[in-house]
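# Coordinate inspection notes
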Amino acid sequence: YTFASGPRGGQYSRFGAVLVEGASKESGKSKVRNRETEGSVQNALLLARGEADYAVIQSDVAARAFAGEEPFKSGGPIKTLRALGSLFPEPIHLVVATGSPIREVADLRGKRVDIGLPSSGTRYDAVLVLAAYGLQVSDLAEARQGGLEEAMRRLKDGKLDAFFTTIAAPARNLQEFAARHGFRLLALQGRGIERIVQQGPGLIDITIPANTYPAQTEDVHTLAVVALLVTTSEAPDAEVQRVTELVFDKLNFAASGSAEGAKVSKRTALRGVTIPMHPGASRYFGAAPTPGAKESKAPVP
C-alpha cells in the first residue's frame, strides 16, 4: 500500500510516517510506504491514477478535484475520491518579516512572494487569496514556488518579502523560525475573505490566537481548510473500516511526535468533509454513507 503525504519534513509527511508505522504493525504481513509529495493537488492525481491507495488532501482541493474545477479542469473530475474523515484544521498563513511595511494582501503587488510548491494546496490557496484581493500571480515582482523551508530561508536572508503556507497551527518549523528570526502574520479580512468563502466549499473563517507563535501579540483572522484522509471508491469496505479505526481509535499521534496528528479526534471527524464518505468509513462512524458515495456521478455535498 502507498500513502501519499506531503513534502519531506512537513506536517503531512510526519503524519504519514506515524500512520504508515502504525499500519505496518497492525497488518503484520502488509507492506505500507509513505510517499512524500508536493502536497494535496499531486495527492489527488496520484489517487486518480492508482499510484496511491490513501492520501491526505485539503478539503478545498478535494472538492475541486471531485468537481473537475481548476486546477483539475484539464483532466476532468475525479469522481472516485472518497473521504475516511476529517483530520485537523489548517489555517492559511501569510508571513512577512517583523519590520516589513506590508500590512495587507494588496501590498503584495510588485513584491517577491513564495506561493507554495507547484502541486501543493498552499499554491492553490495563495492564488485564490490573491485573486480575492484583486491580484494575479503576474502582479508579483517574483512568484517563487520553493515551498516552506526555502521560503523561510529566503525571508531571513532578505531575498523574499512574503510567503504563503497552509498548515496546521502552531506549525513546529514556524515556531522555531519565529523564535530565532521573528515574523508577522497578515490578517485576511474584509470583502476579500467574503469572496473566497462564497466561491466554494472547504474554506472556513478562523482565528490564530495571540501567542500561537513567539512574539505574536494579537489574534490574526484568516481562513482555514481541513486536512482530509482520502482513498478511492475502489478500496474495499472492510479495509477502509480498519484503516479508519486505526487512525481515529488506535494510533497515539502525540506520543509519536506528530503535533498535528494529536488533534485527530473521532468527535470532529465528520466536520468539513467536502467529498462523499467511503461506505467503510461511514460504517465505522455509524453514519449513513454520503448520498451517491457508490455512484460516479455523486454531487459534492
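Residues numbered from 1 in each chain as written. Predicted model: local features only at pLDDT ≥ 70, side-chain atom pairs only at ≥ 80, totals over all residues. Heavy atoms only, no water.

## Looking at the overall build of the protein chain
Operational definition: The way it works is that DSSP assigns letters per residue, a run of H or I at least four long becomes a helix, a run of E at least two long becomes a strand, and they are numbered from the N terminus. When we talk radius of gyration, it's over C-alpha atoms, and the globule rule is simply 2.2 Å times the number of residues to the 0.38. Here's how the labels work: a residue is buried when its accessible area is under 20% of the maximum for its type, exposed when over 50%, partly exposed in between, all with a 1.4 Å probe on protein chains only.
Each helix and strand counted, the protein chain has nine helices and 10 strands in total. Since a compact globule built from 301 residues should have a radius of gyration of about 19 Å, the 19 Å found for the protein chain is in line with a globular shape. Considering only C-alpha atoms, the protein chain reaches an extent of 55 × 40 × 30 Å along its principal axes. Counting every position in the protein chain, which comprises 301 residues, the buried fraction comes to 53%.

## A closer look at the nonpolar core
We count it as follows: What we call a nonpolar core is a set of buried Ala, Val, Leu, Ile, Met, Phe, Trp, Tyr and Cys residues that are connected through their side-chain atoms within 4.5 Å.
Formed by 75 residues in total, the largest nonpolar core has its most connected members in Phe 15, Leu 87, Leu 108, Phe 164 and Val 247. It is strand S4 (residues 81-96) that provides the largest number of residues to this core, a total of eight residues. Counting residues in hydrophobic clusters, the runner-up holds 18 residues, among them Met 152, Leu 160, Phe 177 and Tyr 213.

## Considerations on the pairing of strand S7 (residues 162-166)
Threshold: Being paired, for any two strands, means DSSP has found at least two bridges between them.
Across the five residues that make up S7, a large majority, five, are buried. Side chains Ala 162, Phe 164 and Thr 166 of S7 all project onto a buried face; the interleaved residues Phe 163 and Thr 165 project onto the opposite face, where all are buried too. Where S4 and S7 come together, five bridges link them in antiparallel fashion. Along S7, the bridge assignment pairs Val 96 with Ala 162. Where strand S5 (residues 112-114) meets S7, two bridges bridge the pair, whose relative direction is parallel. Within the sheet, the bridge partner assigned to Asp 114 lies in S7 and is Phe 163.

## Notes on helix H6 (residues 172-180)
Note the cut-off: By arc we mean the arc of the directions from the helix axis to the C-beta atoms, nothing more. Residue contacts are defined here by distance: any two heavy atoms, one from each residue, within 4.5 Å place the two residues in contact.
For H6, the complete set of buried residues consists of Asn 173, Leu 174, Phe 177 and Ala 178. The arc that holds every buried residue of H6, seen down its axis, measures 135°, which confines them to one face. Residues of H6 that are exposed and angled more than 90 degrees away from the buried face: Ala 179 and Arg 180. Buried residues along H6 sit against S4, helix H5 (148-156) and S7. Downstream of H6 by one or two residues, Gly 182 has phi in the positive range, about 80°.

## With respect to the packing of helix H4 (residues 121-132) against helix H7 (residues 191-199)
Applicable threshold: To get an axis, a line is fitted to the C-alpha atoms, and for a helix only the part in contact is used. The angle between two axes follows their N-to-C directions and goes from 0 to 180 degrees. If an angle is under 35 degrees, it is roughly parallel; if it is over 145, roughly antiparallel; if it lies from 65 to 115, roughly perpendicular; otherwise it is oblique. In this scheme the handedness of a crossing depends on how the near helix is turned from the far one: anticlockwise by less than a right angle means left-handed, clockwise means right-handed.
Put simply, H4 and H7 touch, their axes get as near as 8 Å, and they point 125° apart. As judged from the angle between their axes, H4 and H7 are oblique. Regarding H4 and H7, the two cross each other, and that crossing is right-handed. Where H4 abuts H7, its residues Leu 128, Val 129 and Ala 132 lie against Gly 192, Arg 195, Ile 196 and Gln 199.

## Here's the deal with the packing of aromatic side chains
Convention followed: Only Phe, Tyr and Trp rings take part, Trp by its six-membered ring, and two of them pair if their centres are within 6.5 Å. Stacked means planes under 30 degrees apart, edge-to-face means over 60, and tilted covers everything else.
One pass over the structure, following the stated rule, counts six aromatic pairs. Plain terms: the ring middles of Phe 15 and Phe 88 are 6.1 Å apart, the flat faces sit at 65° to each other, and that makes the pair edge-to-face. Of the two residues, Phe 15 sits in helix H1 (residues 11-27) while Phe 88 sits in strand S4, which places them 73 residues apart along the sequence. With respect to class, Phe 15 is no different from Phe 88; both count as buried.

## Here's the deal with helix H8 (residues 237-250)
Quick reminder of the rule: To estimate the expected span of a helix, count its residues, drop one, and scale the result by 1.5 Å.
The first and last C-alpha atoms of H8 sit 19 Å apart over 14 residues, in line with the 20 Å expected at 1.5 Å per residue. Looking at the buried residues of H8, the elements they touch are H1, strand S3 (54-58), S4, strand S10 (220-232) and helix H9 (279-285).

## Remarks on the packing of H5 against H6
Put simply, the rule reads: Residue polarity is assigned by list, with Asp, Glu, Lys and Arg as charged and Ala, Val, Leu, Ile, Met, Phe, Trp, Tyr, Cys and Pro as nonpolar; anything else, Gly included, falls into the polar class.
At a closest axis distance of 11 Å, the pairing of H5 and H6 adopts a crossing angle of 10°. Judged on the interaxial angle alone, H6 and H5 are roughly parallel. Where H5 abuts H6, its residues Leu 148, Glu 149, Met 152, Leu 155 and Lys 156 lie against Asn 173, Leu 174 and Phe 177. When its residues are assigned to classes, the contact of H5 with H6 shows five nonpolar, one polar and two charged.

## Structural notes on the side chain of Ser 5
Inspection of the secondary structure puts Ser 5 in the loop between strand S1 (2-4) and H1. Classification of Ser 5 by relative accessible area gives buried; the value is 0%. In this view, Ser 5 contacts Tyr 12, Ser 13, Gly 16, Asn 34, Arg 35, Glu 36, Thr 37, Gly 39, Asn 43 and Val 56; residues no more than four positions away in its chain are not counted.

## With respect to the environment of Leu 223
Residue position: Leu 223 is located in strand S10. For the pair formed by Leu 223 and Tyr 124, sequence separation is 99 residues and the distance between their alpha carbons is 13 Å. Look past the residues within four positions of Leu 223 in its chain and what remains in contact with it is Glu 90, Pro 91, Ile 92, Leu 188, Ile 193, Ile 196, Val 197, Leu 203, Ile 204, Asp 205 and Ile 206.

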